[in-house]
Amino acid sequence: MKKERTIGMDPNDKQNRISQGTKFVGEISSQGGFRIDGELEGKLTTSGKVVVGSSGLIKGTLICKDADIEGTFNGTLNVSDLLSLKSTALIEGDVTIGKLAVEPGARFNASCVMKGAVKRMDDKNARQETQKPA
């Protein structure tokens, strides 16, 4: 069986871009990651990573695996793994994350829920796990 090969392209490294000076209004769904240096108003859903550059602006909903934000976000943010806020970031809205990294200077004016980080000891299942005999 012959295996197809694409030269110069890693299928796991798909990158989409909204450049500075571009404004996109609507809904985007993608398997690949995004870099946003322009403006996005609407909803972006991707199983990849989203990078919002220092001139980037998102107003609306962002659902992704990982996000690095240098610019501005206003809306509903759902990052299943790591949200990394650079020193120039401004975040406002409702945020749900797996992990959070914040550089000094970043502005984070949001309600935040961290999913799956720590089991609460008052959770019935957590108590049962800690009481199992060795």
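The residue numbering used here restarts from 1 in each chain and proceeds along that chain's sequence as written. The model is predicted, so local features are restricted to residues of pLDDT at least 70 and side-chain atom pairs to those at 80 or more, both for listing and for counting; the totals for chains, interfaces and linings are taken over all residues. The side-chain quantities take in all heavy atoms of the structure and omit both hydrogens and water.

1. Focus on the overall build of the chain
Rules: Secondary structure is summarised from DSSP: a helix means a run of H or I of at least four residues, a strand means a run of E of at least two, and numbering begins at the N terminus for each. Buried, partly exposed and exposed residues are distinguished by accessible area as a fraction of the type maximum, computed with a 1.4 Å probe on protein chains only: under 20%, between the cut-offs, and over 50%, respectively. Any two residues whose heavy atoms approach within 4.5 Å are treated as being in contact. Here, Shrake-Rupley sampling with a 1.4 Å probe gives the accessible areas, and only protein chains in the shown set may cover a residue.
Each helix and strand in the chain was counted, giving one helix and ten strands. Along its sequence from the N terminus, the chain presents helices and strands in the succession β-β-β-β-β-β-β-β-β-β-α. Burial status across the chain gives 31% buried among its 134 residues. A sequence separation of at least 24 residues applies to 1% of the contacts in the chain between residues at least 6 apart. Carbon and sulfur atoms make up 48% of the accessible area of the chain, which totals about 8,900 Å².

2. Remarks on the nonpolar core
Put simply, the rule is: Residue types Ala, Val, Leu, Ile, Met, Phe, Trp, Tyr and Cys, when buried and joined through side-chain atoms within 4.5 Å, form a set referred to as a nonpolar core.
Ile36, Leu44, Val50, Leu62, Ile69, Leu77 and Leu83 are the most contacted members of the largest nonpolar core, which totals 23 residues. Of all the elements, strand 8 (residues 72-85) adds the most residues to this core, at five residues. Ignoring sequence-local partners within four residues, the contact set of Leu83 consists of Ala67, Ile69, Leu77, Val95, Ile97, Lys99, Leu100 and Ala101.

3. A closer look at the confidence of the model for the chain
To be explicit about the condition: pLDDT expresses how confident the predictor is about each individual residue, on a scale running from 0 to 100.
For the chain, mean pLDDT is 84; residues scoring 70 or higher make up 76% of the total. Confidence, read as mean pLDDT per element, is least for helix 1 (residues 124-130) in the chain (48) and greatest for strand 6 (residues 57-64) (98). In the predicted structure, residues 1-11 sits below a pLDDT of 50 and forms zero contacts with residues beyond four places in sequence or in another chain.

4. Remarks on the environment of Asn16
As a reminder, the rule being used: Identification of polar contacts relies on pairs of N or O atoms within 3.5 Å, with a donor-acceptor requirement for protein atoms, meaning one able to donate a hydrogen and the other able to accept it, and with residues adjacent in sequence counted only if both atoms are side-chain atoms.
Considering the arrangement of structural elements, one finds Asn16 in strand 1 (residues 15-18). For Asn16, a relative accessible area of 28% puts it in the partly exposed group. Between the C-alpha atom of Asn16 and that of Gly33, which follows or precedes it by 17 residues, the distance is 6.1 Å. Here the side chain of Asn16 touches Ser30 through a polar contact of 3.2 Å, side chain to side chain.

5. Details of a nonpolar patch on the surface
Our working definition: For patch building, the residue pool is restricted to those with more than 30% relative accessible area and no salt bridge; the joining distance is 9 Å between like charges and 5 Å between nonpolar side chains (Val, Leu, Ile, Met, Phe, Trp, Tyr). For this analysis, a salt bridge means a side-chain nitrogen from Lys or Arg found within 4 Å of a carboxyl oxygen belonging to Asp or Glu.
Among the surface-exposed residues, Leu100, Val102 and Met114 lie close enough to one another that they form a single nonpolar patch of about 240 Å² accessible area. On the secondary structure map, Val102 appears in strand 9 (residues 90-102).

6. A word on the pattern of salt bridges
Applying the stated criterion across every chain, the model contains seven salt bridges. Measuring nitrogen to oxygen at the nearest pair gives 3.9 Å for the salt bridge that ties Glu39 to Lys23. Placement of Glu39 in strand 4 (residues 39-46) and of Lys23 in strand 2 (residues 23-30) is noted, with a sequence separation of 16 residues between them. Asp37 is the partner of Arg35 in a salt bridge, and the nearest nitrogen-oxygen pair spans 3.0 Å. Using a relative accessible area of 10% as the deciding quantity, one classes Asp37 as buried. Here the salt bridges do not stand alone but share partners, grouping Arg17, Arg35 and Asp37 into one network.

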